[in-house]
Amino acid sequence: MALTASTYGKGRVRVMRLARDGDHHTPRELDVKVLMKGGFDRAWTAGDNRACVATDSVKNIVNVTAANHLAAEKEAFAGAVASVFLDTYPQVEEVVIEARETRWLRHAIAGVPHGHTFTLDGNGVGFVKLTANRAGSVLKSGLRGYTFMKTTQSGWADFVDDQYRTLPDTSDRIAATSMGATWTWAGIPADYAAANAQVLATLIAVFGTTYSYGVQDSMYRMGEAVLAAIPEIAEIAFAMPNKHYIPINLAPFGLDNPNAVFLPTDEPHGQIEATIGRER
């Protein structure tokens, strides 16, 4: 029987490149698929793998290329990855690279684009819930899946150190979450849309402009700020799962990684929830 078509490679190679220009950061997050065609037929027909590039090596090539091209746009980055394969492996006749981009939009705080605070393009959905009976009603507004990130000014340290701990302390990490937030109205604002917009602006401003000792720390202060700013809100509840960005170990390739190349992952994720209300 003839082997009429074959290709192989690596899919879902997720990588974040973080280019820094002082306090001005530019994140570039891609989900990359690399497929090779060439002199690999005997891996199918004869169990002979001697020409094959391991798919784990394909992943490593993407990550090393990321470290060497932090500021390249996705088109140039794909070209750089392709060049590694075609220049390194004579048995590769064709390489097909596809990459899906996660687009982070620079967030403006007080009208000024912020150096390291970002929101996800096409972000979140609005939410409302009204519970009404003959005795009265409770109205809640909120957001679901609103995703935002800051690329510095966040740490996680001094937590329980026991036989199960593997995480080191860090004082500088990427902090990102896909937030669910629900605020309960105690009164009627002059304009619901304007008040809801003020809630979101307040949440992101606190998150983006203050140091975070953990999601819990930021969450509490975000809630405090909303309650201080909008007296018509009685309480605000959060669910903020972590979206982790794990620094990739590039030491086996003779490269340092000064918090510049990351593996994006959200499974499993930390799940942090709380409700902040007014003292009674």
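So, how was this worked out
Residues numbered from 1 in each chain as written. Predicted model: local features only at pLDDT ≥ 70, side-chain atom pairs only at ≥ 80, totals over all residues. Heavy atoms only, no water. Helix = DSSP H or I, 4+ residues; strand = E, 2+ residues; numbered from the N terminus. Expected span 1.5 Å × (residues − 1). Buried < 20%, exposed > 50% of the residue type's maximum accessible area, 1.4 Å probe, protein only. Arc of directions from axis to C-beta. Contact = heavy atoms within 4.5 Å. Core = buried A, V, L, I, M, F, W, Y, C linked by side-chain atoms within 4.5 Å. Phe/Tyr/Trp six-rings, centres within 6.5 Å; stacked < 30°, edge-to-face > 60°. Lys NZ or Arg CZ within 6 Å of the ring centre and 35° of its normal. Pairing = 2+ DSSP bridges. Axes fitted to C-alpha atoms, helices over the stretch in contact; angles between N-to-C directions. Parallel < 35°, antiparallel > 145°, perpendicular 65-115°, else oblique. Left-handed = near helix turned anticlockwise from the far one by under 90°. Nonpolar A, V, L, I, M, F, W, Y, C, P; charged D, E, K, R; others polar.

A. How the structure looks around helix H5 (residues 215–229). The terminal C-alpha atoms of H5, which comprises 15 residues, lie 21 Å apart, in line with the 21 Å expected from a rise of 1.5 Å per residue. If you check which residues of H5 are buried, you get Val-215, Ser-218, Met-219, Met-222, Gly-223, Val-226 and Leu-227. Viewed along the axis of H5, the buried residues span an arc of 165 degrees, placing them on a single side of the element. Packing partners of the buried residues in H5 comprise strand S7 (136–150), strand S8 (175–185), helix H4 (192–209), strand S9 (233–241) and strand S12 (271–277).

B. Structural view of the nonpolar core. Counting residues in hydrophobic clusters, the biggest one holds 27 residues, and the most contacted among them are Met-179, Met-222 and Phe-238. Counting residues in hydrophobic clusters, the runner-up holds 25 residues, among them Tyr-8, Phe-40, Tyr-89 and Ile-248.

C. Fine view of the packing of aromatic side chains. In the structure shown here, the tally under the stated rule is eight aromatic pairs. When the ring of Tyr-146 is compared with that of Phe-148, the centres are 6.2 Å apart and the planes differ by 45 degrees; the resulting orientation is tilted. What makes Phe-148 buried here is its relative accessible area of 0%. An angle of 80 degrees between the planes, with centres 5.2 Å apart, marks the rings of Trp-185 and Tyr-192 as edge-to-face. On the basis of relative accessibility, which here comes to 8%, the residue Trp-185 falls in the buried class. Given a relative accessible area of 31%, Tyr-192 falls into the partly exposed group. Aromatic rings pair up to connect Tyr-8, Phe-40 and Trp-44 into one cluster. Note that Arg-17 overlies the ring of Phe-77, its terminal NZ or CZ placed 4.4 Å from the centroid.

D. The pairing of strand S11 (residues 261–265), seen in detail. Here two bridges tie strand S1 (residues 8–21) to S11, and the two strands are oriented antiparallel to one another. The residue bridging Met-16 from the neighbouring strand is Phe-262, located in S11.

E. Structural detail: the packing of H4 against H5. As a packed pair, H4 and H5 sit with axes 9 Å apart at the nearest point and diverge in direction by 140 degrees. The angle between H4 and H5 places the two elements in the oblique class. When you trace H4 past H5, the crossing you get is right-handed. In contact with Gln-198, Val-199, Thr-202, Leu-203, Val-206 and Phe-207 of H4, H5 contributes Ser-218, Arg-221, Met-222, Ala-225, Val-226 and Ala-229. Here the residues of the contact of H4 with H5 sort into eight nonpolar, three polar and one charged.

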